[in-house]
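Spelled out, the chains give:
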Amino acid sequence: MLLSDFSIQGSVVNPQEASYFPNVTGFIHASAHYHNITPTALSLNVTTSWNSHAQAYMAGTNETAMAEPLGSWNWTATDKMALSVVEKLPTHLNGTTLSDTIALVHGRIELTDTITNEDLRLEFEGVHFILNGSIYGLAEPPGHNIDIRLLPSIVPTPSKNETALLIEPELKARIRKLKDLIDAGIVDQDTSSEEPPKSACPFMFYAQMHPVAVPEYLMQELEDEIQKPTGVWTINSPKLSANGLLVSKECGIMFEMNETEGLRSRTFFRKVTTYAGVSGLVYLALLILFSRQTERSRTPSGLARVSRWMFLTQSTVDSVSFAGHITFAILAEGRPSLSLVAPAFLACVLFIYEAVWL
């Protein structure tokens, strides 16, 4: 099987010795290696170990029909992949959890063209099998809705029924949310641009999280502390890594994902909050020291010892710092990013003081 050739299908580990991340909400950056899996290309390259399985997978496809959905995107120049996903346990409408071993994930996948530095964004919906660290999902370009009813068809056979049972409550929850929006008179505006889409290729995404040498109970304690911080001691968060495949049978494309670097989103935002607090204190100290220094340097002799270029340099640094902090706070969604408003405000006040003093 093609997934086995790339070590995608994981196995359950001894919970006393190792475990998988119970929640993959966060960001993953990886290298992407392009493979042409059209029947013609596979017949010319028979040296790869996975060639026979790829040929069986692509058997019966219409190679002529693959050209149109490929679009204008330069697939061969794509060498980077980024994932941003949010995970949640499936629940009934009354809020009770349906399963502790399978979670729903959604987010986006971005492919980067190394020549133009442009990104191709794909919307992503999938399921995460917590016990063996496997992720199965569907990815579509913007404007192409993902039918999550197809998810049970891409998971392993023993898990098809359990996955199907999780989809129905999720569909009902989304339908109810849509009805509430309609009843409230809130209708999403069509923000699609007039530019043609870069590609119309649908993808299936398979990923395997790498186990970490940490017992399961310690990983669960870490997850509980990340979700609801109490200040209790936990282990340091281990490295989040994975390997995967992004496959489009309709377009004869496959990307191998490896060399990953992952970061949990809550860990990232906690670092942002810590940085904002430290930088805010630094700017507050600079503001207090600057105000004291200006009071002492208002005499002619004091002004003669002050370098105008020093103040010009410092004011430039403070203006750039203000612009950087406030821009990130606006563009990055979430409450933790708003903490950057504090150092941005102090940098702005310091810049104004410097401009007035000059």
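A.B. asks: I keep staring at the packing of aromatic side chains and nothing clicks. Help me out?
C.D. replies: The geometry of two aromatic rings is summed up by the distance between their centres and the angle between their planes. Applying the stated criterion across every chain yields a total of 7 aromatic pairs. With centroids separated by 5.6 Å and ring planes inclined at 45°, the aromatic side chains of phenylalanine 6 and tryptophan 50 adopt a geometry described as tilted. Here the residue phenylalanine 6 occupies a position in the loop between α1 (2–5) and β1 (26–36), and tryptophan 50 occupies one in the loop between α2 (39–44) and α3 (51–58), the gap between them amounting to 44 residues. In this structure phenylalanine 6 comes out as buried when scored by relative accessible area, which is 10%. Of the residues examined, tryptophan 50 reaches a relative accessible area of 10% and is grouped as buried. With a centroid separation of 6.2 Å and an interplanar angle of 40°, the aromatic rings of tryptophan 75 and phenylalanine 255 are classed as tilted.

A.B. asks: Is there a simple way to explain the state of the cysteines in this structure?
C.D. replies: Linking two cysteines covalently via their sulfur atoms produces the bond known as a disulfide. Here the structure, examined in full by the defined rule, presents 1 disulfide. The residue that forms a disulfide with cysteine 201 is cysteine 251, at a sulfur-sulfur distance of 2.0 Å. Looking along the S-S bond of the cysteine 201-cysteine 251 disulfide, the torsion reads about -105°, which is the left-handed sense. Of this pair, cysteine 201 sits in the loop between α5 (160–183) and β6 (203–209) while cysteine 251 sits in the loop between β7 (242–248) and β8 (253–264), and the two are 50 residues apart along the sequence. Taking the relative accessible area as the measure of exposure, cysteine 251 reaches 2% and is therefore buried.

A.B. asks: So what exactly am I meant to see when it comes to the layout of surface pockets here?
C.D. replies: If a probe as big as a water molecule is rolled over the atoms, it shows which places are left empty. Quantified by volume, the second largest pocket comes out at close to 590 Å³. Every element with two or more residues in the lining of the second largest pocket is listed here: β2 (78–88) and α6 (216–227). In terms of residues, the lining of the second largest pocket owes the most to one element, α6, which gives 6 residues. Among the residues making up the lining of the second largest pocket, the classes are represented as 12 nonpolar, 5 polar and 7 charged.

Each value, and the rule that gives it
For every chain, the first residue of the written sequence is number 1, and numbering continues from 1 onward in sequence order. Local features in this predicted model are restricted to residues whose pLDDT is 70 or higher, and side-chain atom pairs enter the listing and the counts only when it is 80 or higher, whereas totals over whole chains, interfaces and linings include all residues. In computing side-chain values, all of the structure's heavy atoms are included and hydrogens and water are not. Geometry of aromatic contacts follows a simple scheme: Phe, Tyr and Trp rings, the Trp one being its six-membered ring, pair when their centres are within 6.5 Å, and the pair is stacked under 30 degrees between planes, edge-to-face over 60, tilted otherwise. Strands are runs of DSSP state E lasting at least two residues, helices are runs of H or I lasting at least four, and both sets are numbered from the N terminus onward. Using a 1.4 Å probe on the protein chains alone, a residue whose accessible area is under 20% of its type maximum counts as buried, one over 50% counts as exposed, and one in between counts as partly exposed. Here, the term disulfide refers to a pair of cysteine sulfur atoms separated by no more than 2.5 Å. Two kinds of site are reported from a 1 Å grid over the protein atoms alone, namely cavities, where a 1.4 Å probe fits but cannot get out, and pockets, open sets with protein on both sides within 12 Å along at least five of seven lines, and residues are called lining when an atom falls within 4 Å of a point. Grid points are joined across faces, edges and corners, and a volume is the space filled by probe spheres set on the points. Under the grouping applied here, Gly and all other residues not named as nonpolar or charged are polar, the nonpolar ones being Ala, Val, Leu, Ile, Met, Phe, Trp, Tyr, Cys and Pro and the charged ones Asp, Glu, Lys and Arg.

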